[in-house]
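Architecture at a glance
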Amino acid sequence: LFDGIYPFYPQQRKAAGFDISTTIVIVVFLTLACSFLLIIPGIRGRARLYWTLRVLLSLFVGAVIVVVQFTGDWETGWVQANTSYKSFSPVQVSADIGLHIGLAGVNVTLRGNPVNQINETINYNEHFPWNFGADYDRSYSQGLEKGLPSPILYVAEKFSTQSPCAVHRQYRIAGHYASAMLWVAFCTWIISNILFSMPVLIYGGYMLLVTGAFMIFSLLSFSTVRNSPMCLIQIGTRTLHVAYGASFWLMVAIGLLCFVVGITIVAMHYLNLDLLKTFFDLREDKAEEYQEMPELFINPHFVNKGL
């Protein structure tokens, strides 16, 4: 032992916190929302409620489109098992092993049950990227050099390019195209907001439909990974199974919401345009709309001359 630990494990690893990119996106959109809430008291009447609903709903949709790019729970799975903790050691630990698959990589979580066992704190969350520009096998090799616990290396090895499971390429390409579709959806979301502010309401509704369509396309792209059968991930006597996670179902809900809102706006444009204008605070006052011609003053000098 070296200072009470095995020589291949020179440092205590800590569990990862929030992803920095996700935190930045959330802070940016929360700042925009708070800025709007500061000026909302200056809007009078029922228009204040309509503005609040439109702006907060739009910001929520935009935030979700960007945040899910960096989340790691498009597919998730958990299993509790008794497993070996370190290589070349017969010591068994009771732990929860989690697998979190995102568009850009995979996170493997190992949490002791209880956390403190064999005089160590067992709480790991390791990320192995596979997005374009990243080298998954190199990240896996670095994990070997660090001496990560055996369950993490075992699960991560299933997604390497050399694994007989052969799912690395499928996940990598599916995540890449799903991410590209979401960035297009984010651009169409920006265009829809511009059209609503011009205002060209019906075209804004059409762009919301396009936004929802690209969200669904991203879901279809990611779901193609199910075409490749997943290898069994056997940990001890238990098997780790994965299913669609929170980010996937959140995108389903937001995509359907965009479809519903877009169809509603287009339908209201043809069925009840006045109500649609009222909701978007574009309805002119009827007194101004039907304002009579003001009284005219005629110069009598020109009348007397027959002019």
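Bear in mind the structure is a predicted one, so any value in this text is a computation, not a measurement.

Attention now goes to the overall build of the protein chain. Looking only at helices and strands, the protein chain features ten helices and seven strands. Burial status across the protein chain gives 39% buried among its 307 residues. Sequence-distant contacts in the protein chain: of pairs separated by 6 or more residues, those separated by 24 or more amount to 66%. A total accessible area of about 17900 Å² is found for the protein chain, and carbon and sulfur atoms account for 63% of it.

A side chain of one charge can pair with a side chain of the opposite charge if their charged atoms are brought near each other. For the coordinates displayed, the defined rule picks out one salt bridge. For the salt bridge of Glu-120 with Lys-86, the shortest nitrogen-to-oxygen distance reads 2.4 Å. Of the two residues, Glu-120 is situated in strand β4 (residues 120-129) and Lys-86 in the loop between β1 (75-84) and β2 (92-101); the sequence distance between them amounts to 34 residues. For Lys-86, a relative accessible area of 6% gives the class buried.

As a further point, take the sheet that holds β4. Pairing within the open sheet is antiparallel, and its five strands lie in the order β4-β3-β2-β1-β7. Of all the strands in the sheet, just β4 and β7 (243-244) have a single pairing partner and so form its edges. As paired strands, β2 and strand β3 (residues 105-117) are joined by seven bridges and run antiparallel to one another. The partner of Leu-99 across the bridge, within β3, is Val-108.

Right, let's talk about the state of the cysteines for a bit. The final tally for this structure, using the stated rule, is one disulfide. The disulfide that involves Cys-165 links it to Cys-231, with 2.2 Å between the sulfurs. When the S-S torsion is -135 degrees, as for the bridge of Cys-165 with Cys-231, the disulfide is left-handed. You can see Cys-165 sitting in the loop between α4 (150-157) and α5 (168-197) and its partner Cys-231 sitting in the loop between α6 (201-223) and β5 (233-235), a full 66 residues away along the chain. Under the relative-accessibility criterion, Cys-231 is labelled partly exposed at 25%.

It is worth spelling out the pairing of β2 at this point. Of all ten residues in β2, nine are buried, a share of seventy percent or more. One ladder, built from ten bridges, connects β1 with β2; its direction is antiparallel. Among the inter-strand pairings, Thr-76 is bridged to a residue of β2, identified as His-100. Hairpin connection, β2 to β3: the antiparallel pair is bridged by three residues.

Sites flagged by UniProt as "transmembrane region" (unreviewed entry) map to residues 20-39, 51-71, 91-110, 177-196, 202-225 and 246-271. Taken end to end, residues 20-39 is 100% helix and 0% strand, and its two terminal C-alpha atoms sit 29 Å from one another. Along residues 246-271 one finds 100% helix and 0% strand; the C-alpha atoms at either end are 37 Å apart.

Another aspect to go through is the side chain of Ser-139. Position of Ser-139 relative to the elements: it lies in helix α3 (residues 136-146). A relative accessible area of 16% places Ser-139 in the buried class. Residues within four places of Ser-139 in sequence aside, it is in contact with Phe-128 and Pro-129.

Another aspect to go through is helix α7 (residues 246-271). Given 3.6 residues to a turn, an α-helix orients residues that are three or four positions apart in the same direction. Compared with an ideal rise of 1.5 Å per residue, which puts 26 residues at 38 Å, α7 spans 37 Å between its outermost C-alpha atoms and is within 8% of the ideal. Those residues of α7 that fall on the buried side of the exposure criterion are Ser-247, Phe-248, Met-251, Ile-254, Gly-255, Cys-258, Gly-262, Ile-265 and Val-266. As for α7, its buried residues are in contact with α2 (47-67), α5, α6, β7 and α8 (273-279).

So, on to the layout of surface pockets. Space inside the second largest pocket adds up to approximately 670 Å³. The wall of the second largest pocket is formed by 25 residues, among which Arg-54, Phe-196, Ile-265, Phe-279 and Phe-280 lie closest to the centre. Listed by contribution, the elements that provide at least two residues to the lining of the second largest pocket are α2, α5, α7 and α8. Take the lining of the second largest pocket: its biggest share by element is seven residues, from α2. Its residues assigned to classes, the lining of the second largest pocket comprises 19 nonpolar, five polar and one charged.

Basis of the calculations
- Residues numbered from 1 in each chain as written.
- Predicted model: local features only at pLDDT ≥ 70, side-chain atom pairs only at ≥ 80, totals over all residues.
- Heavy atoms only, no water.
- Helix = DSSP H or I, 4+ residues; strand = E, 2+ residues; numbered from the N terminus.
- Buried < 20%, exposed > 50% of the residue type's maximum accessible area, 1.4 Å probe, protein only.
- Contact = heavy atoms within 4.5 Å.
- Areas by Shrake-Rupley, 256 points an atom, 1.4 Å probe, with all protein chains shown as cover.
- Salt bridge = Lys/Arg side-chain N within 4 Å of Asp/Glu carboxyl O.
- Pairing = 2+ DSSP bridges.
- Disulfide = S-S within 2.5 Å.
- UniProt positions renumbered as here; feature names shortened; annotations may be inferred.
- Expected span 1.5 Å × (residues − 1).
- 1 Å grid on protein atoms, 1.4 Å probe; cavity = no way out; pocket = protein on both sides within 12 Å on 5 of 7 lines; lining within 4 Å.
- Points joined across faces, edges and corners; volume = space filled by probe spheres on them.
- Nonpolar A, V, L, I, M, F, W, Y, C, P; charged D, E, K, R; others polar.

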